[in-house]
Amino acid sequence: MTGRQTVWGSIVEAKANIAIGFAINYCANLLILPLFGFTELTLANNFLIGLLYTGISIVRQFVIRRWFNSMRFGHR
């Protein structure tokens, strides 16, 4: 085995990463934002904030992954 991940494995990993990240972000917003004065945060607004940050995170991860793949670490 070469240690490479299959396309299906990559898709499953990406979906799990997104779901887990969103859940952590959602809960963190409920706990942290009120500490900084955001006392009127509704669950719907929190959900929207989470979606926006999740979208940003997906784009960030894609760009970094493509950048690192273009560097070809360890390949001759």
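Refer to the structure above for everything that follows.
A short tour of the structure in this document, coming up. (Residues numbered from 1 in each chain as written. Predicted model: local features only at pLDDT ≥ 70, side-chain atom pairs only at ≥ 80, totals over all residues. Heavy atoms only, no water.)

Focus: the packing of aromatic side chains
Step number 1: For the structure shown, the criterion picks out 3 aromatic pairs.
Step number 2: With centroids separated by 6.3 Å and ring planes inclined at 25 degrees, the aromatic side chains of Phe22 and Tyr26 adopt a geometry described as stacked. Of this pair, Phe22 and Tyr26 are both found in helix H1 (residues 7–32), 4 residues apart, which corresponds to roughly one turn of the helix.
Step number 3: Between Phe22 and Phe47 the ring centres are 5.2 Å apart and the planes differ by 75 degrees, which places this aromatic pair in the edge-to-face class. Residue Phe22 is found in helix H1, and its partner Phe47 is found in helix H2 (residues 43–71); the two are separated by 25 residues along the sequence. (Phe/Tyr/Trp six-rings, centres within 6.5 Å; stacked < 30°, edge-to-face > 60°. Helix = DSSP H or I, 4+ residues; strand = E, 2+ residues; numbered from the N terminus.)

Looking at H2
Step number 1: The end-to-end C-alpha distance of H2 is 42 Å, a good match for the 42 Å that 29 residues give at a rise of 1.5 Å each.
Step number 2: The set of residues buried in H2 consists of Asn46, Gly50 and Thr54.
Step number 3: Looking at the buried residues of H2, the elements they touch are H1.
Step number 4: Phi for Arg72, located one or two positions after H2, is positive at around 55 degrees. (Expected span 1.5 Å × (residues − 1). Buried < 20%, exposed > 50% of the residue type's maximum accessible area, 1.4 Å probe, protein only. Contact = heavy atoms within 4.5 Å.)

Looking at a nonpolar patch on the surface
Step number 1: The grouping of Leu30, Leu31, Ile32, Leu35, Phe36, Phe38 and Leu43 at the surface amounts to a nonpolar patch, some 800 Å² of accessible area in total.
Step number 2: Broken down by element, the residue count for the nonpolar patch peaks at 3 residues, all from H1.
Step number 3: With respect to the element layout, Phe36 can be found in the loop between H1 and H2.
Step number 4: A residue is classified by how much of its surface remains accessible, and Phe36, at 64% relative accessible area, is exposed. (Patch = residues over 30% accessible without salt bridge, like charges linked within 9 Å, V, L, I, M, F, W, Y side chains within 5 Å. Areas by Shrake-Rupley, 256 points an atom, 1.4 Å probe, with all protein chains shown as cover. Salt bridge = Lys/Arg side-chain N within 4 Å of Asp/Glu carboxyl O.)

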